[in-house]
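Letter by letter, the chains look like this.
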Amino acid sequence: MIPRRLRAPAPGWVATADVVVVGSGIAGLTAALHARAAGRVMLVTKALLDAGSTRWAQGGIAAALASDDSPDAHYADTMTAGAGLCDPAAVRVLVDEGPQRVRDLAALGAAFDRDPDGVLELTREGGHLHRRIVHAGGDATGAEVERALLAAVAATDDIEVIEHALVLDLLTDSHGHACGVTLHVLGEGTRDGVGAVRARAVVLATGGMGQVYASTTNPEVSTGDGVAVAARAGAEMSDIEFVQFHPTALWSASGGSGRQPLVTEALRGEGALLVDDKGRRVMEGVHPLGELAPRDVVAKQMSRVMTADNVDHLYLDVRPLGAEMLARRFPTLLANCAEVGIDPYVDLVPVAPAAHYASGGVRTDLDGRTSVPGLYACGEVACTGVHGANRLASNSLLEGLVFATRIGAALARELPTPGEPWDAPGTAGVVEASARTELQRAMTEGAGVLRSAGSLEATAKTLRAVAERSDDTAAPESWETTNLLTVATALVNSATCRAETRGSHWREDFPARDDDHWRVRIVQRLDDSGELQAEQVAVR
Ligand SMILES: Cc1cc2nc3c(=O)[nH]c(=O)nc-3n(C[C@H](O)[C@H](O)[C@H](O)COP(=O)(O)OP(=O)(O)OC[C@H]3O[C@@H](n4cnc5c(N)ncnc54)[C@H](O)[C@@H]3O)c2cc1C
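In this report, we go over the structure that sits alongside the text. (Residues numbered from 1 in each chain as written. Predicted model: local features only at pLDDT ≥ 70, side-chain atom pairs only at ≥ 80, totals over all residues. Heavy atoms only, no water.)

### Observations regarding the overall build of the protein chain
Check the secondary structure of the protein chain and you find 14 helices and 23 strands. Here the protein chain has a C-alpha radius of gyration of 22 Å; the compact-globule value for 540 residues is 24 Å, and the two agree. Taken over the C-alpha atoms alone, the protein chain extends approximately 65 × 60 × 50 Å along its principal axes. Counting over 540 residues, the protein chain shows a buried share of 57%. Taking the contacts inside the protein chain whose residues are at least 6 apart along the sequence as the reference set, 71% of them involve residues at least 24 apart. Of the roughly 20800 Å² of accessible surface on the protein chain, a fraction of 51% belongs to carbon and sulfur atoms. Charged side chains of the protein chain number 49 positive and 71 negative; the gap between the two group centres comes to 3 Å. (Helix = DSSP H or I, 4+ residues; strand = E, 2+ residues; numbered from the N terminus. Rg over C-alpha atoms; globule rule 2.2 N^0.38 Å. Buried < 20%, exposed > 50% of the residue type's maximum accessible area, 1.4 Å probe, protein only. Contact = heavy atoms within 4.5 Å. Areas by Shrake-Rupley, 256 points an atom, 1.4 Å probe, with all protein chains shown as cover. Lys, Arg positive; Asp, Glu negative; His and termini not counted. Charge placed at Lys NZ, Arg CZ, Asp CG, Glu CD.)

### Comments concerning the pattern of salt bridges
Applying the stated criterion across every chain, the model contains 43 salt bridges. Notably, a salt bridge pairs Glu265 with Arg295, separated by 3.2 Å at the nearest N-O pair. Placement of Glu265 in helix H6 (residues 265-269) and of Arg295 in helix H7 (residues 295-309) is noted, with a sequence separation of 30 residues between them. Taking the shortest distance from any N to any O, the salt bridge between Glu457 and Arg464 comes out at 2.8 Å. (Salt bridge = Lys/Arg side-chain N within 4 Å of Asp/Glu carboxyl O.)

### A word on the pairing of strand E22 (residues 520-526)
Looking down a regular strand, the side chains alternate between one sheet face and the other. Counted residue by residue, E22 has 6 buried out of 7 residues, so it is predominantly covered. Summarising the sheet, strand E12 (residues 237-238) and E22 pair through 2 bridges and their orientation is antiparallel. Counterpart to Ser238 in the pairing with E22 is Val523. Bridge count for E22 against strand E23 (residues 532-538) is 7 bridges, and the pairing is antiparallel. Within E23, the residue paired with Leu526 across the bridge is Leu532. If you look at the hairpin formed by E22 and E23, you'll find 5 residues sitting between the two strands, and Gly530 has a positive phi there, around 85°. (Pairing = 2+ DSSP bridges.)

### What to know about the sheet that holds strand E13 (residues 243-250)
Adjacent strands of a sheet pair through backbone hydrogen bonds, lying either parallel or antiparallel. Pairing is antiparallel in the open sheet, where 4 strands are placed in the order E13-E16-E15-E14. Two strands lie at the open edges of the sheet, namely E13 and strand E14 (273-275), each paired on one side alone. Strand-to-strand twist in this sheet, taken as the mean axis angle between neighbours without regard to direction, amounts to 40°. (Axes fitted to C-alpha atoms, helices over the stretch in contact; angles between N-to-C directions.)

### Focus: the packing of helix H11 (residues 436-447) against helix H13 (residues 476-497)
Across the interface, H11 lies against H13 with an axial gap of 10 Å and an inter-helix angle of 20°. As summarised for this structure, H11 and H13 are arranged roughly parallel, according to the angle between their axes. Note that H11 runs across H13; the crossing there is left-handed. Residues Arg436, Leu439, Met443 and Ala447 of H11 touch H13, and the partners they reach there are Glu477, Glu480, Thr481, Leu484, Leu485, Ala488, Leu491 and Val492. Residues belonging to the contact of H11 with H13 are distributed by class as follows: 8 nonpolar, 1 polar and 3 charged. (Parallel < 35°, antiparallel > 145°, perpendicular 65-115°, else oblique. Left-handed = near helix turned anticlockwise from the far one by under 90°. Nonpolar A, V, L, I, M, F, W, Y, C, P; charged D, E, K, R; others polar.)

### Comments concerning unusual backbone geometry
The phi torsion of most residues other than glycine is negative, and most of the peptide bonds are trans. One non-glycine residue, Ala83, adopts positive backbone phi at about 55°. Considering the arrangement of structural elements, one finds Ala83 in the loop between helix H2 (71-81) and helix H3 (88-108). Residue Ala83 is classed as buried on the basis of its relative accessible area, which comes to 10%. Residue Ala474 is not a glycine yet carries a positive backbone phi of 55°. Residue Ala474 is classed as buried on the basis of its relative accessible area, which comes to 12%.

### A look at the side chain of His135
If you trace the backbone, His135 turns up in the loop between strand E6 (133-134) and helix H4 (141-154). What makes His135 buried here is its relative accessible area of 9%. Of note is the side chain of His135, whose polar atom sits 2.7 Å from the side chain of Asp113. With residues up to four places along the chain from it excluded, the contact list for His135 reads Gly59, Phe112, Asp113, Glu121, Thr123 and Thr141. (Polar contact = N/O pair within 3.5 Å; in protein donor to acceptor, adjacent residues only side chain to side chain.)

### Concerning the sheet that holds E23
Taken together, the 5 strands give an open sheet; going across it, the order is E19-E17-E12-E22-E23, and neighbouring strands pair in mixed fashion. With partners counted over all chains shown, the strands left at the sheet margins are strand E19 (382-383) and E23, one partner each. Packing against the sheet, helix H5 (residues 225-232) makes contact with E12, strand E17 (361-363) and E22, and its axis sits at approximately 40° to E17.

### Examining the packing of H11 against helix H12 (residues 453-467)
The geometry of a pair of packed helices is captured by two quantities: the angle between their axes and the separation between those axes. The contact between H11 and H12 brings their axes to 8 Å, and the two run at 165°. Put simply, H11 runs roughly antiparallel to H12. Crossing of H11 over H12 shows left-handed handedness. Taken together, the residues of H12 that come into contact with H11 (itself represented by Glu438, Leu439, Ala442, Met443, Gly446 and Ala447) are Ser455, Leu456, Thr459, Thr462, Leu463 and Val466.

### So, the site of the ligand
Looking at the ligand, there are 35 residues lining it, with Thr54, Gly59, Asp225, Glu380 and Ser396 nearest. In this structure, an oxygen atom belonging to the ligand sits 2.5 Å away from a side-chain N or O atom of Thr54. With respect to the ligand, the side chain of Asp225 contributes an N or O atom lying 2.7 Å from a nitrogen atom. Alone, the ligand offers 1000 Å² of accessible surface; in the complex the protein occludes 97% of this. Among the secondary structure elements, those contributing two or more residues to the shell around the ligand are helix H1 (26-35), strand E8 (165-172), strand E16 (349-358) and helix H10 (395-413). A breakdown of the residues in the shell around the ligand according to their chemical character gives 12 nonpolar, 19 polar and 4 charged. (Near = heavy atom within 4 Å.)

### Section: H10
Helix length check: H10, at 19 residues, gives a terminal C-alpha distance of 27 Å against a target of 27 Å (1.5 Å per residue), a fit within 8%. Buried residues dominate H10, accounting for 16 of its 19 residues. (Expected span 1.5 Å × (residues − 1).)

### Describing H3
Taking 1.5 Å of rise per residue, 21 residues should cover 30 Å, and H3 covers 30 Å from first to last C-alpha, within 8% of that figure. A maximum bend of about 45° is found in H3 at Gly98, where proline Pro99 lies one to four positions downstream. Those residues of H3 that sit buried are Ala90, Val91, Val93, Leu94, Val95, Gly98, Pro99, Arg101, Val102 and Leu105. Looking at the packing, one finds that the buried side of H3 touches strand E4 (61-62), H2, E6, H4 and H10. The opening residue of H3 is Asp87, an N-cap whose side-chain oxygen sits 3.0 Å from the backbone nitrogen of Ala89. Following H3 by one or two positions, Gly109 has its phi on the positive side, about 130°. (Bend = angle between axes of the 7 residues up to and from the residue.)

Right, dumping it as structure tokens:
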């Protein structure tokens, strides 16, 4: 059982806006800029403005901008990656509107890399049959996008921003329509502690849920809050079982408390070897391409070895590359290693597969509407259906841009008119913050890269025990852990349900794709008693 109504302190202050946007990554900032056409906008975000995943994005943004490319070709590549589960109408919107949204972002000030003639440089990534990835600063695309959007928000007077504002729950009226949020602000003056923002529409742009696992490339703020907040309000979630893992993130002993940097595949391309603590090659005899086998093959083999040896990481031996190449080509690796006290010229580099991207989330229509009237979602928290069972590289920033813009336009056309907040009494406490590490470990062990009925049941048992550890302090960390428990439970539920292997969902006990039974999306909803109701919806 997942707590549906949480006991929270009564709001000590109330603010108002027409639209409240939660989150300040690419999706939230874009939504806020466009929602100005609908009225007064308030943007609330739980840490500093640039704390989300956006600024860490490296590769770039995919869009059919080259003369030999087309939205149709981008559509075909996206559908192939999605392994039969993409929503065709959503993909159509993504690829058709994508090029203009990227041009808009450039016009707003994002300095994308260009050739000497000023033409956008486009690169290729896995799964794309054309050069269509726009990038900035080489591999610092996200940082530039975040910078440009923050500058645009700062330059306007009509978006009020509150930082260090953790949204706790949705406010709803007596018909269940969204009419604002409750939030905990670490602030000064009148807006400090628990408060409420009353609004005619709420846009969730809270990013991913990587922190539900012990190893993740996502920053600390990615605790799945938006999915949990929406679920408690009765909204539908979809495709939650599809989480992409990156095979090599830099592992550190403090793992589980923050973002783990990516260790680029290019190192393996240049001859770095994956080994265990005895120096044995992990990929030997597993795949003809060895260390360069597809990402999922490498991540799976690493997980098998880690489970068999009962260890939480393996190693990358980068010494064969030589000092000169390491210094010239891989300064990011050297800097990241230095931060955790590792000398890759001498030491083995500890690595582990890490949760990287959530394809699923709060289910929306093509204008970002969720199943709760007045509640919208965009970016990684949303499930528009564009990714299906596996995201095509660099489609996520694009999804944030395209659908956040559509939400702004939809709100400008029609702003909802909800009633007064209806105060349902809270019945359950949040769970203890200290349960987080145990939850993350259980998720990585049983519901991570490799899954089976047995491993998922073992994880579900741990989650049920965590749910019993109620804590009445209502501290922000406890809310986050409660949110992690909510998304973890939904993830384990849908992963258990999907008895096949497809896209980024790998079942050891059902190793084949099964189109006869599973060309469906698993849509879940939390009922009034806190039970998850799952429905299988055929893909159109
Ligand atoms: C290392 C890395 C590299 C990547 N590379 C690429 C790439 O090259 N191309 C690509 O397309 N994608 C890439 N991705 C994925 C992409 O970066 C994300 O999917 C995207 O940035 C998500 O944007 P967002 O606006 O939805 O969320 P985020 O940028 O994560 O922002 C979420 C915001 O919500 C706030 N928030 C969360 N919970 C609350 C709450 N309860 N109350 C208030 N505020 C809250 C956060 O503080 C944050 O401001 C990468 C991801 C990572 C981690």
